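Architecture and fold: a report
The residues making up each chain are set out below.
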Amino acid sequence: MHPRAQQLIEQLQLQPHPEGGYFREVYRSPLQVHSAAVEGTRSAVTDIYFLLPAGQISRWHRVLHDELWNFYEGAPMKLHQLSPDLSSCHCSRLDPQALSFKQLVPGGFWQAAESCGDYSLVGCCVAPGFEFADFLMLKELPEAVAKVYAYYPEVGQLI
């Protein structure tokens, strides 16, 4: 692992994330709001640090609320998105050279990410706030997995 990535993991006290990479929640709003997506309440917003070192990926997953990715440091990051019904696939980049520091993943969209270099450090804000109860890995849905391999084989390795 790149020495700076290891340093960030230690200094920011990051832990392994189930989708891949490392994370730590740094903010959870005390304000509670209603979420129509879950028909319940959630924190108004949550924010995490998320680090992807070379050789690791953020595997295809879904969050039920909007997620804003913010680039902080390291290599550009590819951020892949699939529409909720898997009818479209899009790839964007968080890339400071291109002045692309933020990317939005709408709630309910599938997402996956990969660093384009030694490591990428980003922040992810979710509103209404993130709960693991609202998180689903694509690999848990065999029919969706089959569709991704059939329609988008170039991103199948991110399952």
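Attention in this report is confined to the structure presented alongside it. Since the model is a prediction, treat every value here as computed from it, not as a measurement.

A closer look at the sheet that holds strand β6 (residues 57–63)
Spatial ordering of the open sheet is given by β9-β8-β11-β6-β13, a layout of 5 strands whose pairing is antiparallel. Of all the strands in the sheet, the pair left with one neighbour each is β9 (89–94) and β13 (135–137). Each neighbouring strand pair of the sheet contributes to a mean axis angle of 30°, computed without reference to strand direction.

A word on the pairing of strand β8 (residues 77–82)
A large share of β8 lies buried, amounting to 5 of its 6 residues. Both β8 and β9 contribute to a ladder of 6 bridges, which runs antiparallel. If you follow glutamine 81 over to β9, its bridge partner there is histidine 90. What sits between β8 and β9 in their antiparallel hairpin is a turn of 6 residues, with leucine 86 showing a positive phi close to 65°.

A few points about the pairing of strand β2 (residues 22–28)
In this sheet, β2 lies alongside strand β1 (residues 15–16) in antiparallel orientation, the contact comprising 2 bridges. Across the sheet, residue proline 16 finds its bridge partner in β2, namely tyrosine 22. Hairpin connection between β1 and β2: a loop of 5 residues separates the two successive antiparallel strands, and glycine 20 in this loop has a positive phi of roughly 120°. When β2 meets strand β5 (residues 46–53), the two strands line up antiparallel, connected through 6 bridges. Its bridge partner being in β5, arginine 28 is matched across the sheet by threonine 46.

Rules and cut-offs
- Residues numbered from 1 in each chain as written.
- Predicted model: local features only at pLDDT ≥ 70, side-chain atom pairs only at ≥ 80, totals over all residues.
- Heavy atoms only, no water.
- Pairing = 2+ DSSP bridges.
- Helix = DSSP H or I, 4+ residues; strand = E, 2+ residues; numbered from the N terminus.
- Axes fitted to C-alpha atoms, helices over the stretch in contact; angles between N-to-C directions.
- Buried < 20%, exposed > 50% of the residue type's maximum accessible area, 1.4 Å probe, protein only.

Bear in mind that shape data such as this cannot, by itself, settle questions of function.
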